[in-house]
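What follows is each chain in one-letter form.
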Amino acid sequence: MSTERRTPLDRGRVADTALRLLNEVGLDGLTLRAIARELDVKAPALYWHFKDKQALLDEMATLMYRRMVAGTALDPADTWEERLLAVNRGLRAALLGYRDGARVFSGSRFTGTDHGREMEAHLRVLTAAGLTLPQAVNAARTATLFTLGFVTEEQGVRPLPGERREGYGIEERARRFAEFPLAAEAGKVLFDDYDGQFEEGLALVVAGVRARYGIT
């Protein structure tokens, strides 16, 4: 009889395994059965920890968030603009670390309350700059939703850095859109230099917050 002891199965271990498997199979291929096989357990064992796939996605998003926070240093002396930029640059970088990272993160519900610490700190920076609490929430939410939407589209073209889905080549697209010259030329903006696109879009969000709420 083997005396080898397995690492106890818990929510954190399942979520970590799911995130590693995500990069191989993507969200559509990520099943509880596949995760169980990776962990060398029977699929029903996972239901002791997660009632369904959405519950697992919530835990995966929570783990992604915790890793993002651990890897992102924020300056307490940030201006409101600097804070919005830093938080959303960090969010994009974290999401791009996983195939379909933005799809996993979007709509998920964090399983703990430790993210309240970061939320409190961000809102304090924004309200200290003169925004009311509702304005601060709207500003932060708009920037976050821009980032999530942007990365969702970005990963639709480049699932992981270095990959590119067939059909999104700039020159190929230009040939297909030859009778629509502006649309053809727009492909150079839409499907290339995602870093530059993101920075420009985020700058537009910040400018919009400034203009809307009259904050300097």
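What this report covers is the structure whose coordinates are included nearby. (Residues numbered from 1 in each chain as written. Predicted model: local features only at pLDDT ≥ 70, side-chain atom pairs only at ≥ 80, totals over all residues. Heavy atoms only, no water.)

**Some points on the overall build of the chain**
For the chain, the count of helices and strands is 10 helices and 0 strands. In sequence order, the secondary structure elements of the chain are arranged as α-α-α-α-α-α-α-α-α-α. Its C-alpha atoms put the chain at 70 × 50 × 25 Å along the principal axes. The contacts of the chain with a sequence gap of at least 6 include a subset with a gap of at least 24, amounting to 70%. Carbon together with sulfur atoms contributes 55% to the accessible area of the chain, which is approximately 12800 Å² in total. Computed over 30 positive and 31 negative side-chain charges, the inter-centroid distance for the chain is 5 Å. (Helix = DSSP H or I, 4+ residues; strand = E, 2+ residues; numbered from the N terminus. Contact = heavy atoms within 4.5 Å. Areas by Shrake-Rupley, 256 points an atom, 1.4 Å probe, with all protein chains shown as cover. Lys, Arg positive; Asp, Glu negative; His and termini not counted. Charge placed at Lys NZ, Arg CZ, Asp CG, Glu CD.)

**What about the side chain of D100?**
Note that D100 resides in the loop between α4 (80-95) and α5 (101-105). The exposure class assigned to D100 is buried, which follows from its relative accessible area of 15%. Contacts of D100, omitting those with residues within four sequence positions, involve G26, L27, Q155 and P159. (Buried < 20%, exposed > 50% of the residue type's maximum accessible area, 1.4 Å probe, protein only.)

**What about the packing of aromatic side chains?**
In the structure shown here, the tally under the stated rule is 8 aromatic pairs. Seen from their ring centres, F105 and F110 are 5.7 Å apart, and the 70° between their planes marks the pair as edge-to-face. Given the relative accessible area of 13%, F105 is considered buried. Relative to F150, the ring of F146 has its centre 5.8 Å away and its plane inclined at 45°; by these criteria the two rings are tilted. With F146 and F150 both in helix α7 (residues 133-157), this residue pair falls 4 residues apart, about one helical turn. Overall, the relative accessible area of 22% leaves F146 in the partly exposed class. Among the aromatic side chains, those forming a connected cluster through ring pairs are F146, F150, Y194 and F198. Over the face of the ring belonging to F177 we find R173, whose NZ or CZ atom lies 4.3 Å from the ring centre. (Phe/Tyr/Trp six-rings, centres within 6.5 Å; stacked < 30°, edge-to-face > 60°. Lys NZ or Arg CZ within 6 Å of the ring centre and 35° of its normal.)

**Section: unusual backbone geometry**
The backbone of D40 sits at a positive phi, close to 60°, despite the residue not being glycine. Positionally, D40 belongs in the loop between α2 (32-39) and α3 (53-70). Even without a glycine there, the phi angle at D100 is positive, about 60°.

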